[in-house]
Structure formats: C-alpha cells, structure tokens
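Here is how the chains run, residue by residue.
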Amino acid sequence: MDDVNLTGSGPPRVLTVAGSDSGGGAGIQADLKTMLALGTHGMSVIAAVTAQNSLGVQGSWELPLEAVRAQYRSVADDIGVQAVKTGMLASAPLVETVAELLAGTAAPVVVDPVGVSKHGDPLLAGDAVGALRGRLLPVATVVTPNLDEVAQLTGIEVTGEAGLRDAATALLEHGPRWALVKGGHLPGEAVDLLTDGTEEHWLRAPRHDNRHTHGTGCTLASALASYLARGLPVPEAARAAKEYTTGAIAAGFALGAGLGPVDHGWRLRGRG
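The rules behind each value
All residue numbers here refer to positions counted from 1 along the written sequence of the relevant chain. Two thresholds apply to this predicted model, a pLDDT of at least 70 for residue-level local features and 80 or more for giving and counting side-chain atom pairs, whereas whole-chain, interface and lining totals are computed over all residues. Note: side-chain values were computed over all heavy atoms of the structure, leaving out hydrogens and water. UniProt positions are given in the numbering used here, feature names are shortened, and annotations may be inferred rather than shown by experiment. Axis angles are defined between N-to-C directions and span 0 to 180 degrees, where every axis is a line fitted to C-alpha atoms and, for a helix, only to the segment in contact. Helix and strand labels come from DSSP, where a helix needs a run of H or I of at least four residues and a strand needs a run of E of at least two; each type is numbered from the N terminus. Oblique is the label for any angle not covered by the other classes, which are roughly parallel (under 35 degrees), roughly antiparallel (over 145) and roughly perpendicular (65 to 115). Crossings are sorted by hand: turned counterclockwise from the far helix by less than a right angle, the near helix makes the crossing left-handed, and turned clockwise it makes it right-handed. For this analysis, residues touch if any pair of their heavy atoms sits within 4.5 Å. Nonpolar residues are Ala, Val, Leu, Ile, Met, Phe, Trp, Tyr, Cys and Pro. Charged residues are Asp, Glu, Lys and Arg, and all others, Gly as well, are polar. Think of it in three bands: with a 1.4 Å probe and only protein chains considered, a residue is buried below 20% of the maximum accessible area for its type, exposed above 50%, and partly exposed in between. For two strands to pair, DSSP has to find at least two bridges joining them. Here the aromatic set is Phe, Tyr and Trp, taking the six-membered ring for Trp, and pairing holds for ring centres within 6.5 Å; pairs whose planes are under 30 degrees apart are stacked, those over 60 apart are edge-to-face, and all others are tilted. Handedness rule for crossovers: strands pointing away from the viewer, path from the first strand over the helix to the second running clockwise, crossover right-handed.

- The name given to the protein in an unreviewed UniProt entry is Hydroxymethylpyrimidine/phosphomethylpyrimidine kinase, and the organism recorded there is Streptomyces qinglanensis.
- The annotation that UniProt attaches to the protein under Pathway (unreviewed entry) is "Cofactor biosynthesis; thiamine diphosphate biosynthesis; 4-amino-2-methyl-5-diphosphomethylpyrimidine from 5-amino-1-(5-phospho-D-ribosyl)imidazole: step 3/3."

1. Details of the packing of helix H5 (residues 147-154) against helix H6 (residues 163-172)
Point 1. At a minimum axis separation of 10 Å, H5 and H6 run at an interaxial angle of 45 degrees. Comparing the axis directions of H5 and H6 gives the class oblique. Like other packed secondary-structure pairs, H5 and H6 cross with a definite hand, here left-handed. For the pair H5 and H6, the contacting residues are Leu 147, Val 150, Leu 153 and Thr 154 in the first and Leu 164, Ala 167, Ala 170 and Leu 171 in the second.
Point 2. Its residues assigned to classes, the contact of H5 with H6 comprises seven nonpolar, one polar and no charged.

2. What to know about the side chain of Asp 263
Point 1. With respect to the secondary-structure elements, Asp 263 resides in the loop between helix H8 (234-250) and helix H9 (266-269).
Point 2. With relative accessibility at 1%, the residue Asp 263 sits in the buried group.

3. Brief notes about the pairing of strand E3 (residues 56-62)
For a regular strand, side-chain orientation follows a simple rule: the groups alternate between the two sheet faces.
Point 1. Note: strand E2 (residues 41-53) against E3, six bridges, orientation antiparallel. Residue Gln 52 lies in a different strand from E3, and its bridge partner there is Val 57.
Point 2. The turn linking E2 back onto E3 is made up of two residues.

4. Points about the packing of aromatic side chains
The geometry of an aromatic ring pair is captured by the separation of the ring centres together with the interplanar angle, meaning the angle of the planes.
Point 1. In the structure shown here, the tally under the stated rule is one aromatic pair.
Point 2. Ring centres of Tyr 244 and Trp 266 lie 6.3 Å apart, and the angle between their planes is 35 degrees; this geometry places the pair in the tilted category. Linking Tyr 244 in helix H8 with Trp 266 in helix H9, this pair joins segments that are 22 residues apart in sequence.

5. Things to note about the pairing of strand E1 (residues 13-21)
Point 1. For E1, the tally of buried residues reaches nine of nine residues, placing the bulk of the element in the interior.
Point 2. With respect to chirality, the unit in which E1 leads through helix H1 (residues 27-37) into the neighbouring parallel E2 is right-handed.
Point 3. Note that E1 and strand E4 (residues 83-86) share four bridges and pair parallel. Across the sheet, the residue bridging to Leu 15 is Val 84, located in E4.

Take a look at the structure:
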C-alpha cells in the first residue's frame with residue numbers, strides 16, 4: 001500500500017485524477033484551485049484533455065494508460081497522498097486503470113462519477129459505466145453523483161427529496177463506504193443526502209439565483225477530499241465542503257459568452 005504521509009511537514013496533500021478543462025472552470029483546474037483555497041497542496045494526474053469554454057466542450061482526448069499510471073506512481077511513491085479525488089475518466093480502460101491504482105492506496109478516495117458536462121456534453125463512454133460501477137465504486141470512500149449521474153449508474157430517476165434515499169441505497173450496493181447524492185437539480189432549497197446505509201446526514205443550503213455554476217461538482221468533490229485530508233470525519237468534511245461550495249456558487253461570475261464558473265477564491269475576495 002502507498003504511504004499516505006511520506007514527508008512530514010507542509011500542508012496536507014491531495015491528488016486529483018481527472019480531465020483538464022481549458023476554460024479553467026471545472027476539472028483539474030477547479031480541483032487545484034479548491035485545494036489551494038482550503039489549505040491543502042493539490043497534485044494532479046491528468047487522465048484526459050478537453051477543449052472547453054463557457055459554451056461547451058469542443059473536443060476531448062484521453063491520455064495513454066501508461067501516462068496516467070506513470071503520473072500516479074510518480075506522485076504517490078515520492079510525495080505521498082492524504083486523499084484522492086477522481087473526476088472525468090472517459091473510458092472503461094481508464095476507469096479500470098485508476099481503480100487498480102486506488103486499490104493500492106491507503107488514503108480516503110472521493111469519486112465524482114462525471115458523466116456529462118454542465119452543458120450536456122458526454123464525458124464518459126457508454127461502456128465505461130459498468131467499469132465505474134464494478135471497479136471504481138468499490139474503492140470509494142465517498143461517491144458524489146448528481147441526479148443525472150445517479151440515473152446513469154443505477155437507473156433510478158429521482159424526482160423529489162424522498163428519492164434521494166433510494167438512490168443512495170442503490171449506490172451503496174456497489175461498494176462505496178458513503179454516498180453523497182446531490183439534489184441540486186430538484187426544486188426548492190439545495191439539499192444533498194449523505195449516508196453510509198446506517199446514519200443519514202441531510203445537507204441543506206439556500207439556492208442562489210446565479211446561472212454561473214460551471215464546475216460545481218468538481219468543486220464539491222475536491223473540497224470534500226481536502227477536508228478529509230485535513231483529518232475531518234466524512235460527515236463533518238461533507239458539511240464543510242457543502243458550505244464552501246455554496247459560497248462559491250453564490251459568487252460565481254460571468255466568463256465568456258455562456259455559463260461562467262463558480263468562484264473558488266470567494267473567501268479570499270470576501271465574496272458570496
């Protein structure tokens with residue numbers, strides 16, 4: 001198993017394994033900004049590259065499996081990790097490779113099962129869904145799907161708050177220790193359900209009237225990983241991550257001609 005603390009001093013170390021967003025609002029870029037804002041040292045394994053802006057995804061390219069594996073080993077074997085977050089993994093071979101690497105890592109793992117972009121562009125191949133369910137979810141400490149991703153992974157269409165529990169139950173059957181089902185697409189306040197099948201934590205926040213929400217899912221998952229790296233238990237880490245993300249959504253700003261990003265530095269700028 002990889003050592004989670006190979007060097008003693010400095011901020012907690014968090015590794016993101018995800019895709020690059022050239023527009024800087026989501027993906028690797030959002031992850032690293034979040035990690036910095038929350039007092040951790042962010043590191044990255046780039047699994048895919050996208051040409052992406054405020055209007056959508058114009059193209060995407062996977063990196064070779066050996067490049068993904070080499071990046072991961074380079075960081076884990078020398079620096080060590082105290083939490084890992086996964087995002088866009090694009091294909092079944094990438095999912096399987098990353099799952100294998102995570103199985104040998106003694107650190108909390110947050111899996112953001114990215115399936116589509118904020119603009120509706122597909123980011124996960126159809127044949128990769130089974131690999132994500134069967135290989136990646138079993139090594140997850142927490143899985144953080146939105147409702148579209150819940151439907152993709154479980155077939156359950158959540159139409160109201162009560163359905164979040166059924167979705168979480170179905171997800172937990174695939175092996176993650178915790179499921180954080182995000183209800184942001186439901187009407188009313190923004191409510192998420194965190195559960196391990198025994199205890200439930202309902203995370204509620206006011207809904208902000210702001211269309212600039214690109215990168216919300218990446219930001220929440222990276223914030224959760226950052227707080228886990230800082231030693232918080234999962235429920236406390238999830239509440240803190242929800243608070244940070246809610247502030248970032250409130251401070252989201254226009255960028256380009258389409259949907260702008262959440263503001264990862266909102267606390268530094270006193271926004272929100």
